[in-house]
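Take a look at the letters that make up each chain.
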Amino acid sequence: MNKANTSQPRKINLALQGGGSHGAFTWGVLDRLLEDDRVVVDGITGASAGAMNAVVYADGLLDGGVEGAKKALHDFWKSVSGHPSVGALKVPSLMEFAGAGFDLMSRMFSPYQTNPFNINPLRDMLNAQIDFERLRQHSPVKLFICATNVRSGRIKVFENGELSCDVLLASACLPFVFQAVEVGGEHYWDGGYMGNPPLFPLYYETDTRDILIVQINPIERDDVPDTSQEIIDRLNEISFNTPLMLELRAIDFVNRLLREERVDPKKYKHLNIHAINAENKMRTFGASSKSNTDWTFLQALHKIGHDAADQWLVENFDDIGDRSSINIGQKFL
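Residues numbered from 1 in each chain as written. Predicted model: local features only at pLDDT ≥ 70, side-chain atom pairs only at ≥ 80, totals over all residues. Heavy atoms only, no water.

Engineer: Honestly, the overall build of the chain in this entry has me stumped. Any pointers?
Structural biologist: A tally of helices and strands in the chain yields twelve helices and eight strands. Buried positions account for 54% of the 333 residues belonging to the chain. Per element, the accessible surface of the chain, about 15100 Å² overall, is 52% carbon and sulfur. (Helix = DSSP H or I, 4+ residues; strand = E, 2+ residues; numbered from the N terminus. Buried < 20%, exposed > 50% of the residue type's maximum accessible area, 1.4 Å probe, protein only. Areas by Shrake-Rupley, 256 points an atom, 1.4 Å probe, with all protein chains shown as cover.)

Engineer: I tried to follow a negative patch on the surface on my own but got confused; where do I start?
Structural biologist: A surface patch of like charges, here negative, comprises Glu220, Asp222, Asp223, Asp226 and Glu230. For aspartate 222, the location among the structural elements is in the loop between strand E7 (210–214) and helix H9 (228–259). Assessed through its relative accessible area of 70%, aspartate 222 is described here as exposed. (Patch = residues over 30% accessible without salt bridge, like charges linked within 9 Å, V, L, I, M, F, W, Y side chains within 5 Å. Salt bridge = Lys/Arg side-chain N within 4 Å of Asp/Glu carboxyl O. Lys, Arg positive; Asp, Glu negative; His and termini not counted. Charge placed at Lys NZ, Arg CZ, Asp CG, Glu CD.)

Engineer: Looking at this structure, I do not really get the packing of aromatic side chains. What am I missing?
Structural biologist: Aromatic rings considered in pairs are described by the distance between their centres and by the relative angle of their planes. In this structure the tally under the stated criterion is seven aromatic pairs. Seen from their ring centres, tryptophan 27 and tryptophan 77 are 6.5 Å apart, and the 10° between their planes marks the pair as stacked. Here tryptophan 27, found in helix H1 (residues 23–34), pairs with tryptophan 77, found in helix H2 (residues 49–80); they are 50 residues apart in sequence, far enough to count as distant. Taken as a pair, tryptophan 27 and tryptophan 77 share a single burial class, namely buried. Residue classification places tryptophan 77 among the buried positions, given a relative accessible area of 0%. Among the aromatic residues, those joined into a cluster by ring pairs are Trp27, Phe76, Trp77 and Trp295. In this arrangement the basic side chain of lysine 156 is found over the ring face of phenylalanine 158, its NZ or CZ atom lying 5.2 Å from the centre. Over the face of the ring belonging to tyrosine 203 we find lysine 269, whose NZ or CZ atom lies 5.3 Å from the ring centre. (Phe/Tyr/Trp six-rings, centres within 6.5 Å; stacked < 30°, edge-to-face > 60°. Lys NZ or Arg CZ within 6 Å of the ring centre and 35° of its normal.)

From the geometry alone we can't say anything about function, so treat these as descriptive.
Okay, here's the thing in structure tokens:
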């Protein structure tokens, strides 16, 4: 492959994982990428909190360029602070049931019983900040928002012209917390079940060959969980990483066939895969902390993400357009 032109900005696609309030890590990553004019974002795919970061980013960029995007992301996460939110939202009437108590309640009663009026504080927050009609027509980046079809069990990817508040709420709809969200006559749950985030839209719908995964869910842990909460947390991480790992396995397979000249390069394209994470730090937070929306905690996650992106740019910027900066097999498979 030819070395990328170092004098021109380099295009990348972003793949933003969901993970409740841990999405503030992605906020930090996006902030740092916005500060580097050598990087141009072509498309973004996201689920749950990743979807919200993607849409807020695009709306802010449309409204005021780089500074508009930075302000939009800050304002969104500031509005989240102090409220149960983004992919791990607990309704106010259930706030007294914490941790395992809430988990037990969610198994005994469905959200159709515990939240009959389907209250979701995120709806007002999103509608107040995002001009969905304008974004549908003029988004500066290609957006792919993932949700899970409740009836068919299939993935649904909403694109620019389909964006709405309900689409974002569908992408972040945990089935034990909220009633399924209806969009276009179908009902949806959290997109993380089928793609966290999905990569295939970036392959089929953009020409950019570099995908940067912003990973907030740890792949590995050093210890075997031995308490009920630790087991629940680890199952959460494994289940929400599985779709991504399966797609990466397919990408690695196709890349290998292309290197060995066993498939037609006119029909298949080689993808460069990159990842920004801070696993050593993020794995210190259990899955239950995804509902922690304290502003100090969100700011700490933002800094971790900002620092991780800064380190990645220093170490791996020259790889963009040329090669993967991670070994897919070693890292994910």
